[in-house]
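Notes for the structure review
The residues making up each chain are set out below.
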Amino acid sequence: MNNAQTWGETLRLLVELSATAAFALSGVLEAARKRLDAVGVCVVGFLAAFGGGTLRDLLLDKRPFFWVQHVGVMWGVLALCVLAMLFLRNRHFALTERAIQWPDALGLGLFTATGVHQALLLQMPGVVAVLMGLVTGVFGGVLRDIVCNEVPTAFRDHRPYAVVAFAGGWVYVGLWQANTPGWLALLVCVLLTAGLRALALWRNWQLPAWRVD
Amino acid sequence: MNNAQTWGETLRLLVELSATAAFALSGVLEAARKRLDAVGVCVVGFLAAFGGGTLRDLLLDKRPFFWVQHVGVMWGVLALCVLAMLFLRNRHFALTERAIQWPDALGLGLFTATGVHQALLLQMPGVVAVLMGLVTGVFGGVLRDIVCNEVPTAFRDHRPYAVVAFAGGWVYVGLWQANTPGWLALLVCVLLTAGLRALALWRNWQLPAWRVD
Amino acid sequence: MNNAQTWGETLRLLVELSATAAFALSGVLEAARKRLDAVGVCVVGFLAAFGGGTLRDLLLDKRPFFWVQHVGVMWGVLALCVLAMLFLRNRHFALTERAIQWPDALGLGLFTATGVHQALLLQMPGVVAVLMGLVTGVFGGVLRDIVCNEVPTAFRDHRPYAVVAFAGGWVYVGLWQANTPGWLALLVCVLLTAGLRALALWRNWQLPAWRVD
């Protein structure tokens, strides 16, 4: 393995770590809003953080899982969950939808990129790679919402979410097939996906709605 | 591989394609009834179409998945979802339970047959093969209902659904063990399962209910 | 394989069988309370009984599954579900939360122990082994509750459940690393987990609650 590859690997690790933290936080906030108990908050945090990537690895039949390879990450997420709970307990908290959205947007971009990357490394066709990006980016949140007994936000709030990951994924696949350096493709995909999502939140873009009968 | 086997393989592929389309449609209808957004409708369509078969392949540890091997099918399902949405948008739609039932009955028969077939090919015991048929036939719909935040229809509407797949699966296993030609066993299982389900819908058969206290 | 190992293997099998029966029963009771139909009751019974172990084996990439290796167990669980339904139908039944808790507590201890054991056999690090114990012990019930469209009891009732499995799992890992004989570690883990859970139910221990704003 040459230096560029090692460096790329390190970058990917950093990206996955930040995304994991962002999603864990979104899980903790959601579970706290639903008044789950301390255990429930941690589990939902773990599901949101590791659910998407684990499902991707299950589908790609890739072992060991991210969290088996880097056991320290699990302790980090556990610490994050406990700290977030202490922080939330010791002040009035008005947990709005809004607070969840920003770490979520970042996580979406970061996870989509790593998902597409993993699938491309395994020689998957483009559309499967994009799907794996979607699964990694979106299904942590979907599992979080299912356990909290809600229709997943990603599928009902009429704001672009999975669509944005879909677009970002295709850009990654395109850059990859054009032999762009890996770190550049990764960066463009993350920035584009998280940026589009943030823009969609800011400008309040809406997906076309059903005409009510 | 001789001609008969190739032909059987082609038949199996056709069967799986029709079942996939039927289930995708049932997912789109359900998601539209719950007023999910365009992305949600597509995801629920995909889950209903590929969920059961993917879960079966995960459990049997069989790769590549159907939709990785035949990437075109994913584009087909995506096109079907979009077309169905356009069709549903451009007219008053009274989406009744009824409309979902018929493609669902066909899909149930088709998927059960392919599920049992796959497991038997892997030398699984009869009861596991029947279970795999059930998983393939029923769990696409179960995942669809879980994401739509409902108790799965298959488990609460007191009409024979999984039971019918259970019966059809055992018939397949019986014919297989009696060395019936593969295409015949497949055909009998599909017709029997879909037929029994249609009959149950038509005659309004009921499973025994709980006596209310 | 020497005698002690065979004996340990038999003990483990017995433990897994009892736990399976206990969880199946908890699934049947829950499904009956939600008035699912006969098929739904069986499926929820199966999910509660085999869900946690199957998820663990999927994550550990261990085949064949417990229920493929011991097909008889599936017939046993099916018979148990049918018998439980007949029993419940033929008398007034006041299915209280209480009735579900005792088999559940036993199953929790038994499943946690087998989950940790399997992961340790595969040379997993301690924290992953404990997580696998948690998944085995808790996720059968979580799947049961998700299919019944409820927020999993384990995450919201403010009584120690997963926490108890967490503690029991670490004790197993500790004893294992101290080279305690396998059957002793197993026994201590089961007794400790089930005992703590029973104690928590009896003394009505509560996890710290969110301060309501």
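These figures come from a predicted structure and were not determined experimentally.

**Remarks on the relation of the copies chain C and chain A**
The two copies are related by a screw motion: chain C maps onto chain A through a turn of 120° and a shift of 0.0 Å along the axis, at an RMSD of 0.0 Å. Taken together, these values place the two copies in the relation of a three-fold axis. If distances are taken from each C-alpha of chain C to the rotation axis, the shortest is found for Asn149(C), at 3.9 Å.

**Some words on the interface of chain B and chain A**
At the interface, 20 residues of chain B touch 22 residues of chain A. At 5 residues, helix α2 (residues 38-60) of chain B tops the list of elements feeding residues into the side of chain B that touches chain A. Among the residues forming the side of chain B that touches chain A, the class breakdown is 12 nonpolar, 3 polar and 5 charged.

**Observations regarding the relation of the copies chain B and chain A**
Under the fitted operation, chain B is carried onto chain A by 0.0 Å of movement along the axis and a turn of 120°, and the coordinates agree to an RMSD of 0.0 Å. In this assembly the copies use different faces: only 15% of the residues contributing to the interface of chain B also contribute to that of chain A.

**Observations regarding the environment of Arg35(B)**
Residue and element names in this part refer to chain B. Turning to its location among the elements, Arg35 is positioned in the loop between α1 (3-33) and α2. What makes Arg35 partly exposed here is the crowd of 14 C-beta atoms within 10 Å. Along the chain, Arg35 and Cys148 lie 113 residues apart, while their C-alpha atoms are 9.8 Å from each other.

**A few points about helix α8 (residues 162-177) of chain C**
All names here are of chain C. With 16 residues, α8 extends 22 Å between its outermost C-alpha atoms, agreeing within 8% with the 22 Å of an ideal straight helix rising 1.5 Å per residue. Considered for burial, the residues of α8 that qualify are Ala162, Val163, Val164, Ala165, Phe166, Gly168, Gly169, Tyr172 and Val173. Of the residues flanking the end of α8, it is Asn179, one or two places downstream, whose phi is positive at about 60°.

**Observations regarding the interface of chain C and chain A**
Taken together, the 22 residues of chain C in the interface contact 20 residues of chain A. Residue assignment for the side of chain C that touches chain A shows that the elements contributing at least two residues are α6 (126-147), α7 (153-156) and α8 of chain C. Broken down by element, the residue count for the side of chain C that touches chain A peaks at 3 residues, all from α6(C). Class assignment of the residues belonging to the side of chain C that touches chain A gives a composition of 15 nonpolar, 2 polar and 5 charged.

**Here's the deal with unusual backbone geometry**
Look at the link from Arg63(B) to Pro64(B): it is a cis peptide, with omega at -10°. On the secondary structure map, Pro64(B) appears in the loop between α2 and α3 (66-69). Notably, Asp61(C) is not glycine yet its phi reads approximately 60°, a positive angle. Note on placement: Asp61(C) falls in the loop between α2 (38-60) and α3 (66-69).

**Observations regarding the confidence of the model for chain A**
Chain-level statistics for chain A give a pLDDT mean of 85 and a share of 90% at 70 or above. Interface confidence for the predicted complex, expressed as ipTM, amounts to 0.85; the pTM equals 0.89.

**Focus: the environment of Met132(A)**
Residue and element names in this part refer to chain A. Counting through the fold element by element, Met132 comes out in helix α6 (residues 126-147). For the pair formed by Met132 and Ala113, sequence separation is 19 residues and the distance between their alpha carbons is 9.6 Å. Once residues lying within four places of it in the same chain are set aside, the contact partners of Met132 are Arg56, Leu59, Leu60, Gly115, Val116, Gln118, Ala119 and Met124.

**Structural notes on the packing of helix α2 (residues 38-60) of chain A against helix α4 (residues 71-89) of chain A**
Residues and elements named next belong to chain A. For the pair α2 and α4, the least separation of the axes is 10 Å and the interaxial angle reads 130°. Classed by the angle they form, the pair α2 and α4 counts as oblique. Every pair of crossing elements has a handedness; the one defined by α2 and α4 is right-handed. Where α2 approaches α4, its residues Ala38, Val41, Cys42, Gly45, Phe46 and Ala49 are matched on the opposing element by Val77, Leu78, Cys81 and Met85. When its residues are assigned to classes, the contact of α2 with α4 shows 9 nonpolar, 1 polar and no charged.

What counts and what doesn't
Each chain carries its own residue numbering, running from 1 in the direction its sequence is written. Ligands are numbered from 1 and chains lettered from A, in the order in which they are written. Per-residue local features of the predicted model are confined to residues with pLDDT of at least 70, and side-chain atom pairs are confined, for both listing and counting, to 80 or more; whole-chain, interface and lining totals are unaffected and use all residues. Least squares is the method used to superpose the copies, on C-alpha atoms of residues holding a pLDDT of at least 70 in both. Here, residues touch in the contact sense if the C-beta positions derived from the backbone fall within 7 Å of one another. Each helix corresponds to a stretch of at least 4 residues labelled H or I by DSSP, and each strand to a stretch of at least 2 residues labelled E; elements are numbered beginning at the N terminus. Charged residues are taken to be Asp, Glu, Lys and Arg, nonpolar residues to be Ala, Val, Leu, Ile, Met, Phe, Trp, Tyr, Cys and Pro, and polar residues to be all remaining types, Gly included. Residues are called buried when their C-beta atom has 20 or more other C-beta atoms within 10 Å, exposed when it has 12 or fewer, and partly exposed otherwise; all C-beta atoms are positioned from the backbone. Working rule for helices: expected span equals 1.5 Å times residues minus one. pLDDT is a residue-level measure of predictor confidence that goes from 0 to 100. For helices, the axis comes from a line fit to the C-alpha atoms of the stretch in contact; other axes are also lines fit to C-alpha atoms, and the angle between any two N-to-C directions lies between 0 and 180 degrees. Oblique is the label for any angle not under 35 degrees, not over 145, and not in the 65 to 115 range, which are roughly parallel, roughly antiparallel and roughly perpendicular in turn. Two helices crossing with the near one rotated counterclockwise from the far one by less than a right angle form a left-handed crossing, whereas a clockwise rotation gives a right-handed crossing.

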